Amino acid sequence: MKLCYQVATPDVKIDESVTAYQGPLEKSFKDLSELGYDGVELMTLNPKELDWEEVKSLLEKYHLQAALVCTGEIFGQLKLSYTDPDEEIRKEAIRRTKEIIDFAGFLEADINIGRIRGQYNRVLSRKETWDLAVAAFKEISIYAEERKVRIALETVTIMQTNFINTLEEGLQMVKDVDEDNFRLMMDIFHLNLEEKDIYDAIRKYQDYNIHVHLADNNRRYPGHCGLDFEKIIKTFKECGYDGTYSTEIFQIPDQEVAARESIRHLRPILNAVYQK
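Note that the structure is a prediction, hence the values are computed from the model and not measured.

### Quick notes on the side chain of D216
Of note, D216 is situated in the loop between β7 (209-214) and α9 (229-238). One buried charged residue, D216, remains without a salt bridge, the closest side chain of opposite sign being R220 at 9.6 Å. Apart from residues lying up to four places away in sequence, D216 is in contact with F189, Y221, P222, G223, H224, C225, G226, L227 and F229.

Right, here's the structure in full:
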């Protein structure tokens, strides 16, 4: 079990909507290491602009693991997706994903797929959209397998996309793609909005889950609002999950407070549940 915090690399545009710690990587890693985090989930946009050896060296310096590299800002800041009606946009989304896979492979990390999957639209039929996604996921999965990278498909609330909102839909996609390294991940914020019962959903789909995002039900730091994180984490543990938990939260009131309050709430729960 490891507790991670999401960190944006310097190539990601600084914005209030970004759910990650921002600034120079050395400061971000130092701050999070001193707070007691085990690792980071990196948010990047143009990994070729980064010095990969320096990133790895800084992770080692501050005793952090890079658990996952997320692809969210490929859509968030560039509006690229695998199911756009424009073929060139689809190709560019896949090309950029492969760059992130290369970076993740270098760091021995996984990647996730969030909003980059795209959405249903009026130009393409639902079947055409689904088939484009299957083809894209299969292509990047085969590419990632060669680099020993797993791909975690994140189910996302209807408020952000109308495509693959529930774990049932996500599992159907996993089965259609049919690649061993293409799996699901669970984001508690999204599960709280899209699943009838968070705990039943965790139990039903945990065999396909390889990563967890934690945020309270208002997308702020865990413990800020109403979700029962002790019960959530106990449920994961009872299902045999011993992987990475990572925050994905709005940096409110600021990133220092959000990071401090997240670990203040989560670390005692994780240590007690996992007896560490």
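### Topic: the pairing of strand β8 (residues 244-247)
Burial along β8 is two-sided: the residues T244 and S246 and Y245 and T247 are all buried. Here strand β1 (residues 2-8) pairs with β8 via 4 bridges, running parallel. What sits directly across from K2, in β8, is T244. Relative to β8, β7 is paired through 3 bridges, and the arrangement is parallel. Its bridge partner lying in β8, L214 is registered against T247. This β-α-β element, β7 to α9 to β8, shows right-handed connectivity.

### Re the pattern of salt bridges
Enumeration according to the criterion identifies 24 salt bridges in this entry. For E87, the salt bridge identified is with K91, shortest N-O distance 3.5 Å. Taken together, the residues span about one helical turn, with E87 and K91 both in helix α4 (residues 87-107) at a distance of 4 residues. Residue E146 is joined to R147 by a salt bridge in which the shortest nitrogen-to-oxygen separation is 3.2 Å. Judged by relative accessible area, which is 61%, E146 ranks as exposed. Shared partners join several salt bridges into a network, and the residues in it are K48, E92, R95, R96 and E99.

### As for the environment of L193
Considering the arrangement of structural elements, one finds L193 in helix α7 (residues 188-194). Take L193: its relative accessible area is 39%, and that puts it in the partly exposed class. In this structure the C-alpha to C-alpha distance between L193 and L266, which are 73 residues apart in sequence, comes to 21 Å. Those residues in contact with L193 that sit more than four places away from it in its chain are T157 and M159.

### Here we look at the nonpolar core
F29, L42, F137, M173, I188, F236 and Y245 are the most contacted members of the largest nonpolar core, which has 94 residues in total. With residues near it in sequence (within four places) discarded, F236 still touches M186, I188, I202, Q206, N209, V212, Y241, Y245 and Y274.

### Brief notes about helix α5 (residues 126-145)
The end-to-end C-alpha distance of α5 is 28 Å, a good match for the 28 Å that 20 residues give at a rise of 1.5 Å each. Taken residue by residue, α5 has T129, W130, A133, V134, A136, F137, I140, S141, Y143 and A144 as its buried positions.

### Details of the packing of aromatic side chains
For the structure on display, the rule yields 12 aromatic pairs. Here Y82 and F137 contribute two aromatic rings whose centre-to-centre distance is 5.7 Å and whose plane-to-plane angle is 90 degrees, an arrangement assigned as edge-to-face. In this pair, Y82 is assigned in the loop between α3 (72-76) and α4 and F137 in helix α5, connecting sequence segments 55 residues apart. As far as the burial class goes, Y82 and F137 line up, both buried. Between K56 and the ring centre of F106, over which it is positioned, the NZ or CZ distance is 4.1 Å.

### Things to note about the sheet that holds β1
Strand order in the closed barrel made by the 8 strands is β1-β2-β3-β4-β5-β6-β7-β8, with parallel pairing throughout. Between one strand axis and the next, the sheet turns through 30 degrees on average, direction left out of account. The sheet contact formed by strand β5 (residues 151-154) and strand β6 (residues 182-187) spans 4 bridges and is parallel. Of the residues in β6, the one forming a bridge with L153 is L184. On the sheet, α5 packs against β4 (110-113), β5 and β6 and is oriented at approximately 150 degrees with respect to β5. The strands that helix α10 (residues 255-274) touches are β1, β7 and β8; relative to β1, the one it contacts most, it runs at about 160 degrees.

The rules we used
Residues numbered from 1 in each chain as written. Predicted model: local features only at pLDDT ≥ 70, side-chain atom pairs only at ≥ 80, totals over all residues. Heavy atoms only, no water. Helix = DSSP H or I, 4+ residues; strand = E, 2+ residues; numbered from the N terminus. Buried < 20%, exposed > 50% of the residue type's maximum accessible area, 1.4 Å probe, protein only. Lys, Arg positive; Asp, Glu negative; His and termini not counted. Salt bridge = Lys/Arg side-chain N within 4 Å of Asp/Glu carboxyl O. Contact = heavy atoms within 4.5 Å. Pairing = 2+ DSSP bridges. Right-handed = clockwise from strand over helix to strand, strands pointing away. Core = buried A, V, L, I, M, F, W, Y, C linked by side-chain atoms within 4.5 Å. Expected span 1.5 Å × (residues − 1). Phe/Tyr/Trp six-rings, centres within 6.5 Å; stacked < 30°, edge-to-face > 60°. Lys NZ or Arg CZ within 6 Å of the ring centre and 35° of its normal. Axes fitted to C-alpha atoms, helices over the stretch in contact; angles between N-to-C directions.

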